[in-house]
Amino acid sequence: MADDRAVARVLLDRQEHTYAEEAGIRLADRPGPLYQLLVLATLLSTRIRACVAVAAARELFAAGYRTPQAMEAASWQQRVDALGRGHYRRYDERTATMLGTGARLCLDRWHGDLRRLHREAGNAPAALRRLLTEFPGIGPTGADIFLREAQTVWPDLRPFTDRRTLSGAKRLGLPEKPDKLAGLVRDAEFGRLASALVRVALGEESVGEVTRGAAGR
């Protein structure tokens, strides 16, 4: 029977990147990467496969839309085309509109810097979630996606877990209380563990292979 730390370690060994990293975001506590994370959270919020949302984010960033200024300056059609290249076609037109509107809100309300949002919320996850849901396309699920990934660079959030993180933990037989789950890894690794557990919840990672790998250690 594998112990919980071994299961967590095997999962981290198998899943080396968060969704943000997979989308090409070099996450840091700076305006550009935080805005890019907001874009990714918007794309991941729709009922579409995570790999498609990640691919669409990469296309938007490759087109140069890495800041709210650049996203707003792009035409609606240019945003649609970039989403299409990422095969994000079911929601492309509506999402292109939301990205433009969201970029303007980011500029008007936060001067293009989501660190201001972080400060206004006073490091309280509930307040952060409320402010994030003011962006078009970001509901409670999207806010949780943002916070789950942002805890890598906003350590005051750790350990942040959402419904999917805890669902993945349950499937692996790991603790479902955030503090106990965080105790299985180093502080700096918890954001990656949370992201990996989402992959378990979504069926992107095999429960059997992880547990067998841990039992063999």
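All figures in this text were calculated on a predicted structure; none of them were measured in a lab.

Asks: I keep staring at the environment of proline 136 and nothing clicks. Help me out?
Replies: Among the structural elements, proline 136 can be located in the loop between α9 (125–132) and α10 (140–150). A residue is classified by how much of its surface remains accessible, and proline 136, at 23% relative accessible area, is partly exposed. If sequence neighbours within four positions are ignored, proline 136 has contacts with Thr42, Met98, Thr101, Gly102 and Leu105.

Asks: Would you explain the nonpolar core in this entry?
Replies: Looking at soluble globular proteins, one finds that nonpolar side chains tend to be buried together. Ranked by size, the top nonpolar core spans 53 residues in total, and within it Leu40, Leu43, Leu60, Leu114 and Phe146 carry the most contacts. Taken together, the elements giving at least two residues each to this core come down to α2 (19–22), α3 (31–44), α4 (50–62), α6 (76–85), α7 (92–110), α8 (114–120), α9 and α10. The leading source of residues in this core is α3, at 9 residues. Excluding residues that lie within four positions of it along the chain, leucine 114 makes contacts with Leu34, Tyr35, Leu38, Cys106, Phe135, Phe146 and Trp154.

Asks: Would you mind showing me how to read the environment of methionine 98 here?
Replies: For methionine 98, the position within the fold is in helix α7. In this structure methionine 98 comes out as buried when scored by relative accessible area, which is 14%. In sequence terms methionine 98 and histidine 118 are 20 residues apart; their C-alpha atoms lie 22 Å from each other. Not counting chain neighbours up to four residues away, the residues in contact with methionine 98 comprise Pro136 and Gly137.

Asks: Quick question: what am I supposed to make of helix α1 (residues 4–14) here?
Replies: For an α-helix, the turn length of 3.6 residues means that residues three or four places apart are oriented alike. Every buried residue of α1 is accounted for by Ala6, Val7, Ala8, Val10, Leu11 and Leu12. The secondary structure elements touched by the buried residues of α1 are α11 (163–172), α13 (190–201) and α14 (207–215). At the N-terminal boundary of α1, the capping side chain belongs to aspartate 3, with an oxygen 3.2 Å from the backbone nitrogen of arginine 5.

Asks: Would you take a moment to explain the packing of aromatic side chains for this structure?
Replies: For any pair of aromatic rings, geometry is given as the distance between the ring centres together with the angle between the planes. As enumerated under the stated definition, the model contains 1 aromatic pair in all. The ring of tyrosine 19 is capped by arginine 199, whose NZ or CZ atom sits 4.0 Å from the centre of that ring.

About the criteria used
- Residues numbered from 1 in each chain as written.
- Predicted model: local features only at pLDDT ≥ 70, side-chain atom pairs only at ≥ 80, totals over all residues.
- Heavy atoms only, no water.
- Helix = DSSP H or I, 4+ residues; strand = E, 2+ residues; numbered from the N terminus.
- Buried < 20%, exposed > 50% of the residue type's maximum accessible area, 1.4 Å probe, protein only.
- Contact = heavy atoms within 4.5 Å.
- Core = buried A, V, L, I, M, F, W, Y, C linked by side-chain atoms within 4.5 Å.
- Polar contact = N/O pair within 3.5 Å; in protein donor to acceptor, adjacent residues only side chain to side chain.
- Phe/Tyr/Trp six-rings, centres within 6.5 Å; stacked < 30°, edge-to-face > 60°.
- Lys NZ or Arg CZ within 6 Å of the ring centre and 35° of its normal.

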